[in-house]
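Each chain, letter by letter, is given below.
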Amino acid sequence: MKDDLPVLMRKISRITFFFLFLGCLGWAIYPEWKEVFGGYLIGALGSLLLTWQLAWKTVRVADMAAGGRRSRGGFGFMSRAAIGLLAAVISVRTLGYDPAATVAGIITAPMATLVLGLSSIRRKRGGHPSDERGEKQ
Amino acid sequence: MVYGLLAAAIVFGLGAFGASIGNGMIFSKTIEGISRQPELRGSLQTTAFIGVGLVEALPIISLVLAFILMGQAE
């Protein structure tokens, strides 16, 4: 069984941490743009939490499907929406940071997922036909 | 003020409506596929994760936009 999810999560986390580093660097270089970089940092942190929660949920659903068990009820999307809303409330209402920068931070991890997912699909399509049978070229 | 609240409700409601349909389709097909072929679980759960991550990005952005619209309406 080929399990790509931990590898994908590690890549997404690495990309998000890189953007967090860029945000910290921008804040250090341009302190007068504190509202923009601060909002971006909080949004990106929230998006990282969202992605980790989604990966945990996906693995749990797959475990239940493979074990033939019924899924227990949960809050599902509401918990992830609450994480996003919490990041927005902390950033915009409590700290007074820029709302647009917060939204840009929240879409950091989904954009990384999109880019990595599309690149992995393209890589799979470009593979040799004998790959599916496990033969060595 | 009423229009701002109405705009926030429409933005989040429509975003969540589309995402709920998309999530339901993705997870139902994933569970069906894993039940039929448990050996493909790894690749199926990765594909489901990518799909759900993309589908859920929009309603979360719409939620934050709705929140901002509500803040402007007050």
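Residues numbered from 1 in each chain as written. Chains lettered and ligands numbered in written order. Predicted model: local features only at pLDDT ≥ 70, side-chain atom pairs only at ≥ 80, totals over all residues. Heavy atoms only, no water.

Per an unreviewed UniProt entry, chain B is named ATP synthase subunit c, and its organism is Cohnella phaseoli. Regarding chain B, the relevant UniProt record gives this comment under Sequence similarities (unreviewed entry): "Belongs to the ATPase C chain family." (UniProt positions renumbered as here; feature names shortened; annotations may be inferred.)

### Comments concerning the overall build of chain B
Across its full length, chain B carries two helices and zero strands. Out of the 74 residues belonging to chain B, those deemed buried represent 43%. For chain B, contacts bridging at least 24 residues in sequence account for 83% of all contacts bridging at least 6. Only carbon and sulfur atoms are counted for the fraction: they give 74% of the accessible area of chain B, which is about 3,900 Å². (Helix = DSSP H or I, 4+ residues; strand = E, 2+ residues; numbered from the N terminus. Buried < 20%, exposed > 50% of the residue type's maximum accessible area, 1.4 Å probe, protein only. Contact = heavy atoms within 4.5 Å. Areas by Shrake-Rupley, 256 points an atom, 1.4 Å probe, with all protein chains shown as cover.)

### Side note on the UniProt feature "domain: V-ATPase proteolipid subunit C-like" (unreviewed entry) in chain B
This chain's UniProt record puts "domain: V-ATPase proteolipid subunit C-like" (unreviewed entry) on residues 6-69 of chain B. Here residues 6-69 of chain B is 94% helix and 0% strand, with 9 Å between the C-alpha atoms at its ends.

### Concerning the UniProt feature "transmembrane region" (unreviewed entry) in chain B
Residues annotated by UniProt as "transmembrane region" (unreviewed entry) correspond here to residues 48-70 of chain B. Helix makes up 100% of residues 48-70 of chain B and strand 0%, and the two end C-alpha atoms of the span are 33 Å apart.

### Describing the nonpolar core
Of all hydrophobic cores here, the largest spans 14 residues; its most connected members are Leu8(A), Ile12(A) and Phe49(B). Put simply, the parts of the chain that give this core at least two residues each are helix H1 (5-29), helix H2 (34-67) and helix H5 (108-125) of chain A together with helix H2 (41-73) of chain B. If sequence neighbours within four positions are ignored, Phe49(B) has contacts with Leu5(A), Leu8(A), Met9(A), Ile12(A), Thr51(A), Leu54(A), Ala55(A), Thr58(A) and Thr113(A). Within the second largest apolar cluster, 12 residues are counted, among which are Leu50(A), Phe77(A), Ile106(A) and Ile68(B). (Core = buried A, V, L, I, M, F, W, Y, C linked by side-chain atoms within 4.5 Å.)

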